[in-house]
Amino acid sequence: RAMCSGKLQTGLLVAGYFVYLLMGAAVFQALERTAEKQEKMAAAQMKKAFLQSFTQLTVVEMEQFVKNLTEAIQNGVYPVGNESQFEESNWDFSNSFFFAGTVVSTIGYGTLHPKTAGGQIFCVFFALFGIPLNIVFLHRVGKMLSLLCKKLGKFLYEKGMRKKKIKFLTLLFFLVTGILVFLCLPSIFFQKTEGWSYSEGIYFAFITLSTIGFGDYVVGKNSDRNYFSYYRVLVAIWILFGLAWIALLFNL
Amino acid sequence: MLLAAYVGYVGLGAAVLRALERPVELQAAQHLLQERWELLANHTCPQPPALQRLVEGIIQAYKSGITLQGNTTSLGRWDYSRSFFFSISAITTIGYGNLSPSTAVGRIFCIVFALFGIPLNLVLLNETGQLMLLGVQHCAHHLEEVFHWQNKTFLMMKTCALVTGLFLSLLLPPLLFCDKEGWSCEEGFYYSFITLSTIGFGDHVIVMNPDHTCPSWYKNVISLWILFGMTWLALVIKLCINFLD
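Residues numbered from 1 in each chain as written. Chains lettered and ligands numbered in written order. Predicted model: local features only at pLDDT ≥ 70, side-chain atom pairs only at ≥ 80, totals over all residues. Heavy atoms only, no water.

Trainee: Any chance you could explain the overall build of chain A here in plain terms?
Mentor: Within chain A, the regular secondary structure consists of seven helices and zero strands. The linear arrangement of helices and strands in chain A, starting from the amino end, is α-α-α-α-α-α-α. By residue count, 43% of the 252 residues in chain A fall in the buried class. Counting contacts in chain A only where the partners sit at least 6 residues apart, residues at least 24 apart contribute 71% of the total. Taken as a whole, chain A presents about 14,000 Å² of accessible surface, with 66% of it coming from carbon and sulfur. (Helix = DSSP H or I, 4+ residues; strand = E, 2+ residues; numbered from the N terminus. Buried < 20%, exposed > 50% of the residue type's maximum accessible area, 1.4 Å probe, protein only. Contact = heavy atoms within 4.5 Å. Areas by Shrake-Rupley, 256 points an atom, 1.4 Å probe, with all protein chains shown as cover.)

Trainee: Is there a simple way to think about the UniProt feature "transmembrane region" (unreviewed entry) in chain A in this case?
Mentor: All names here are of chain A. Here the UniProt-annotated "transmembrane region" (unreviewed entry) positions come out as residues 12-31, 118-138, 168-189, 201-219 and 231-250. Between the C-alpha atoms that bound residues 201-219 the distance is 10 Å, and the span itself is 47% helix and 0% strand. Annotated as residues 231-250, this span is 100% helix and 0% strand, and its ends, taken at the C-alpha atoms, are 29 Å apart. (UniProt positions renumbered as here; feature names shortened; annotations may be inferred.)

Trainee: Which parts of the structure should I look at to understand the environment of Thr170(A)?
Mentor: All names here are of chain A. Of note, Thr-170 is situated in helix α5 (residues 163-194). On the accessibility criterion, Thr-170 (12% relative accessible area) is buried. Separated by 73 residues in sequence, Thr-170 and Leu-243 place their C-alpha atoms 19 Å apart. Side-chain polar atoms of Thr-170 contact the backbone oxygen of Lys-167, separated by 2.9 Å. (Polar contact = N/O pair within 3.5 Å; in protein donor to acceptor, adjacent residues only side chain to side chain.)

Trainee: So what exactly am I meant to see when it comes to the confidence of the model for chain A here?
Mentor: The predicted structure's coordinates, where accompanied by low pLDDT, should not be read in detail. When pLDDT is averaged along chain A, the result is 76, and 69% of the positions lie at 70 or above. Confidence scores differ between elements of chain A, with helix α1 (residues 2-52) of chain A showing the lowest mean pLDDT of 66 and helix α6 (residues 198-209) of chain A the highest of 91. (pLDDT = per-residue confidence, 0-100.)

Trainee: Quick question: what am I supposed to make of the UniProt feature "transmembrane region" (unreviewed entry) in chain B here?
Mentor: In the numbering adopted here, UniProt assigns the feature "transmembrane region" (unreviewed entry) to residues 105-125, 159-177, 189-209 and 221-244 of chain B. Helix makes up 95% of residues 159-177 of chain B and strand 0%, with an end-to-end C-alpha separation of 26 Å.

Trainee: Sorry, what's going on with the side chain of Thr195(B) here?
Mentor: For Thr195(B), the position within the fold is in helix α7 (residues 185-196). Sequence-distant contacts of Thr195(B), that is, excluding residues within four places in its chain, are made with Ile94(B), Tyr96(B), Trp225(B) and Ile226(B).

Trainee: When you look at the packing of helix α4 (residues 117-158) of chain A against α7(B) in this model, what are you seeing that I'm missing?
Mentor: Each pair of packed helices can be summarised by the angle the axes make with each other and by the distance between the axes. Running from N to C, α4(A) and α7(B) point in directions that differ by 30 degrees, and their axes come no closer than 10 Å. Our classification of the angle between α4(A) and α7(B) gives roughly parallel. The element α4(A) and its partner α7(B) pack so that their crossing is left-handed. Residue-level contacts link Ala117(A), Gln120(A), Ile121(A), Cys123(A), Val124(A), Ala127(A) and Leu128(A) of α4(A) to Glu186(B), Glu187(B), Phe189(B), Tyr190(B), Phe193(B) and Ile194(B) of α7(B). (Axes fitted to C-alpha atoms, helices over the stretch in contact; angles between N-to-C directions. Parallel < 35°, antiparallel > 145°, perpendicular 65-115°, else oblique. Left-handed = near helix turned anticlockwise from the far one by under 90°.)

Trainee: When you look at a nonpolar patch on the surface in this model, what are you seeing that I'm missing?
Mentor: All names here are of chain A. A surface patch of nonpolar side chains, amounting to about 850 Å² of accessible area, comprises Phe-168, Leu-172, Leu-175, Val-176, Ile-179, Leu-180, Val-181, Leu-185, Ile-188 and Tyr-198. The dominant element in the nonpolar patch, judged by the number of residues it contributes, is α5, at nine residues. Turning to its location among the elements, Val-176 is positioned in helix α5. (Patch = residues over 30% accessible without salt bridge, like charges linked within 9 Å, V, L, I, M, F, W, Y side chains within 5 Å. Salt bridge = Lys/Arg side-chain N within 4 Å of Asp/Glu carboxyl O.)

Trainee: Can you help me understand the environment of Leu112(A) in this one?
Mentor: Residue position: Leu112(A) is located in the loop between α3 (93-104) and α4. In the structure, Leu112(A) is positioned 13 residues away from Phe99(A) in sequence and 6.9 Å away in space, judged by C-alpha atoms.

Trainee: Before we go on, may I ask you to explain unusual backbone geometry in this structure?
Mentor: Trans is the common state for peptide bonds, and a negative phi is the common state for residues other than glycine. Residue and element names in this part refer to chain B. A positive phi angle is found at Thr-93, which is not glycine, with a value near 65 degrees. Structurally, Thr-93 can be placed in the loop between α3 (80-91) and α4 (104-147). Here Thr-93 falls in the buried class, since its relative accessible area comes to 9%. The phi torsion at Thr-198 lies on the positive side, around 65 degrees, for a residue other than glycine. Tracing the chain through its elements places Thr-198 in the loop between α7 and α8 (216-244).

Trainee: How should I be thinking about the packing of aromatic side chains in this particular structure?
Mentor: Across all of its chains, the model carries 21 aromatic pairs over all chains by this definition. Ring geometry for Phe189(A) and Phe190(A): centres 6.0 Å apart, planes at 50 degrees, overall tilted. Considering the side-chain rings of Trp183(B) and Tyr191(B), the 5.0 Å spacing of their centres and the 55 degrees angle between planes classify their relative orientation as tilted. Residue Trp183(B) shares its accessibility class with Tyr191(B), and that shared class is buried. Members of the aromatic cluster, connected to one another through ring pairs, are Tyr109(A), Phe189(A), Phe190(A), Trp196(A), Tyr203(A), Phe204(A), Tyr217(A), Tyr231(A) and Trp238(A). Just above the ring of Tyr203(A) sits the side chain of Arg107(B); from NZ or CZ to the centre is 5.2 Å. (Phe/Tyr/Trp six-rings, centres within 6.5 Å; stacked < 30°, edge-to-face > 60°. Lys NZ or Arg CZ within 6 Å of the ring centre and 35° of its normal.)

Trainee: Looking at this model, I keep getting lost on the packing of α5(A) against α6(A). Mind explaining?
Mentor: Residues and elements named next belong to chain A. As a packed pair, α5 and α6 sit with axes 8 Å apart at the nearest point and diverge in direction by 125 degrees. One finds that α5 runs oblique with respect to α6. In the packing of α5 onto α6, the handedness of the crossing is right-handed. Note on element contacts: α6 touches α5 through Tyr-198, Gly-201, Ile-202, Phe-204, Ala-205, Phe-206 and Leu-209, opposite Phe-182, Leu-183, Cys-184, Ser-187, Ile-188, Phe-190 and Gln-191. Of the residues belonging to the contact of α5 with α6, the class tally is eleven nonpolar, three polar and no charged. (Nonpolar A, V, L, I, M, F, W, Y, C, P; charged D, E, K, R; others polar.)

Trainee: Can you help me understand the nonpolar core in this one?
Mentor: Generally speaking, soluble globular proteins have nonpolar side chains that are buried together. By size, the foremost hydrophobic cluster in this structure holds 41 residues, and its most contacted members are Val103(A), Phe85(B), Phe177(B), Tyr191(B), Phe201(B), Ile206(B) and Ile222(B). Residue assignment for this core shows that the elements contributing at least two residues are α3 and α4 of chain A together with α4, α7 and α8 of chain B. Setting aside chain neighbours within four positions, we find Phe177(B) in contact with Gly182(B), Trp183(B), Gly188(B), Tyr191(B), Ser192(B), Ile206(B), Tyr218(B), Ile222(B) and Trp225(B). (Core = buried A, V, L, I, M, F, W, Y, C linked by side-chain atoms within 4.5 Å.)

If you want it as structure tokens, here you go:
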């Protein structure tokens, strides 16, 4: 009976975690999208005005243009290309979900961030409850991973090894397989999907899993590439298990 | 002892990164200046492709943290205080990203630096957290002896400490930032929380505005605030976790 309630608890936690993320994503999207639209319209108008007056362009006008452009970029709008790119939003649902994930895991890339005051305040409270939730969640996932280690330990014990040696070997095994699965393999994967070099992939993997998250490299942001539909989901799963692995490493 | 090692470690990282990043940064900035002056030279008729290139160039520059305003670019991003701040952002896992290594060597160094720095940071935070809790306990004992209150003192002290921490970490600093950085109070609060929780988006970062010169005490106060604020927030989150478990 105790086991049943334990499983139920875990199930509820997992469900709660995802519901939390989904809710957060929806709220972020709701808060940020309209502001983004306005920025885009302003940027388009700016470009129009520039083209109309290029026959007599002075340095002062150019300076002004550059300044306006920089402001647009700072607000996350890249005014390159024509109107057809208007429809793509930084704050569509999958991007918002990914954003909510980066908040809760404290990675915080920053390539996407709330600009409205409402979005920012919501972000603070969302993180205040989301971060503990994330930690508890990772703890449970980590426990699952450690069960594998325990099985290996049992196997070695039955073969007659001493306890100290078993502990050392399981730790080593855990470390090495983790590095292969969470750092080396994904980097090869990113080479294919993102066109990064292998070392860039490792850098990205490390910066992400350590939750530093500079944001200089982010998956799925290259507009020239075609990503298959479950790419981001795969990356999210990788981040989840990778973080759990690291949390477990600290506990061992 | 630990604190000295910590500060020394961060300083070392800052120095190394600065040495690695600055020459590359200078080169990139020169290159961009040249491009822009070339465009201006043909200003009588900038064609759409030229415009496109200008825009893309500005975007690229922005992504590398260079802003093209005025006659010069904002050089010297990797000066010492900013490199120091960068090291802090790496070890504490805040990771703003407005400044990040662009050379391959810089990145490798960054990885190794963080690999040892993050556990170091965690140990320090742990120690500081223990000290804080001890301090609260001492105060509670003292009050018990002086006023002869019974069981409630510890709980009261804890609540008191929690609220004080809230003020010092999240409610007062925004006022300081409002004045020094020119943000609104809400932005200051948002920045404080995003920093202390180590999320660190990098959309708001202090000390990064090249037009501002800040007094020397400002940076020291900020570093102290980050350390103690992070400890406080970590304790609060631990409380939340215990509540959830």
